[in-house]
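Read off the chains here:
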Amino acid sequence: MWVQVDFDERGNKAIFRRFSAQAETIRAAVTAQLETQISADFSKTKLASRHLFAGLRVYECRVNMGKLPALRVAFTVRGNQATVVYMSTHIQKSDFSREVDAFLK
């Protein structure tokens, strides 16, 4: 399934600044993971927060990056468009959910 993935600048700035040399690799890996999750009907996806982003529920999944640290990604989906709202290297669900809640408030 084809999915258009956009990255919210405010929520992803820290990751892209920290890994600026690998930004395109991160974008490609996150896009591939989201396409997999959406085509598999969100098999390994959970709600990231009770708060909404642009009126949509925020889901999360883990993206393994090989030599880079694993990322946890919060995203929304509307039709075939996904928006990555927030990314973090804190992969424990409880810590990540707290970060997303603070970001969305």
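Novice: Got a sec to walk through the pairing of strand E1 (residues 4-7)? Specific residues and values, please.
Specialist: Here E1 shows one buried face, formed by Val5 and Phe7, and one open face, formed by Gln4 and Asp6. Bridging between E1 and strand E5 (residues 81-88) involves four bridges; their strand directions are parallel. Along E5, the bridge assignment pairs Val5 with Ala82.

Novice: Can you break down the environment of Met65 residue by residue, with the values?
Specialist: The residue Met65 is located in the loop between strand E3 (56-63) and strand E4 (71-78) in this model. Residue class for Met65 comes out buried when judged on its relative accessible area of 12%. Residues Met65 and Ile26 lie 39 residues apart in sequence; the distance between their C-alpha atoms is 7.4 Å. When neighbours within four sequence positions are excluded, Met65 is seen to be in contact with Thr25, Ile26, Ala29, Ala70 and Leu71.

Novice: I'd love a proper account of helix H3 (residues 93-104), names of residues and values included.
Specialist: Over its 12 residues, H3 runs 16 Å from end to end, which matches the ideal 16 Å to within 8%, given 1.5 Å per residue. For H3, the set of buried residues is Phe96, Ser97, Glu99, Val100, Phe103 and Leu104. Buried residues along H3 cover an arc of 160° about the axis, so they all sit on one side. Facing away from the buried side of H3 by more than 90 degrees, the exposed set consists of Arg98 and Ala102. Structurally, H3 contributes buried residues whose contacts are with helix H1 (9-18), strand E2 (46-53), E3, E4 and E5.

Novice: Run through the pattern of salt bridges, naming residues and quoting values.
Specialist: Considering all chains together, one arrives at four salt bridges under this definition. Among the salt bridges present, the one from Arg27 reaches Glu24, with a minimum N-O distance of 3.7 Å. Remark: Glu24 and Arg27 occur in helix H2 (residues 23-39); sequence separation between them is three residues, near one turn of the helix. Assessed through its relative accessible area of 30%, Arg27 is described here as partly exposed. Measuring nitrogen to oxygen at the nearest pair gives 3.2 Å for the salt bridge that ties Asp95 to Arg98.

Novice: Go over the side chain of Thr83 with me, naming the residues and quoting the values.
Specialist: With respect to the helices and strands, the residue Thr83 is situated in strand E5. On the accessibility criterion, Thr83 (18% relative accessible area) is buried. With residues near it in sequence (within four places) discarded, Thr83 still touches Asp6, Asp8, Phe53, Ala74, Phe75 and Thr76.

Novice: Explain the packing of aromatic side chains residue by residue, including any values.
Specialist: All told, the structure shown has six aromatic pairs when counted by the stated rule. On the basis of an interplanar angle of 20° and a centroid distance of 6.4 Å, the ring pair of Phe42 and Phe75 is categorised as stacked. On the criterion of sequence distance, the pair formed by Phe42 in the loop between H2 and E2 and Phe75 in strand E4 is long-range, its members being 33 residues apart. Considering the side-chain rings of Tyr86 and Phe96, the 6.1 Å spacing of their centres and the 45° angle between planes classify their relative orientation as tilted. Within this pair, whereas Tyr86 is found in strand E5, its partner Phe96 is found in helix H3, the two being separated by 10 residues in sequence. Taken as a pair, Tyr86 and Phe96 share a single burial class, namely buried. One residue, Arg27, lies across the ring of Phe16, its end atom 4.4 Å from the ring centre.

Here is what the cut-offs are and how they apply
Residues numbered from 1 in each chain as written. Predicted model: local features only at pLDDT ≥ 70, side-chain atom pairs only at ≥ 80, totals over all residues. Heavy atoms only, no water. Buried < 20%, exposed > 50% of the residue type's maximum accessible area, 1.4 Å probe, protein only. Helix = DSSP H or I, 4+ residues; strand = E, 2+ residues; numbered from the N terminus. Pairing = 2+ DSSP bridges. Contact = heavy atoms within 4.5 Å. Expected span 1.5 Å × (residues − 1). Arc of directions from axis to C-beta. Salt bridge = Lys/Arg side-chain N within 4 Å of Asp/Glu carboxyl O. Phe/Tyr/Trp six-rings, centres within 6.5 Å; stacked < 30°, edge-to-face > 60°. Lys NZ or Arg CZ within 6 Å of the ring centre and 35° of its normal.

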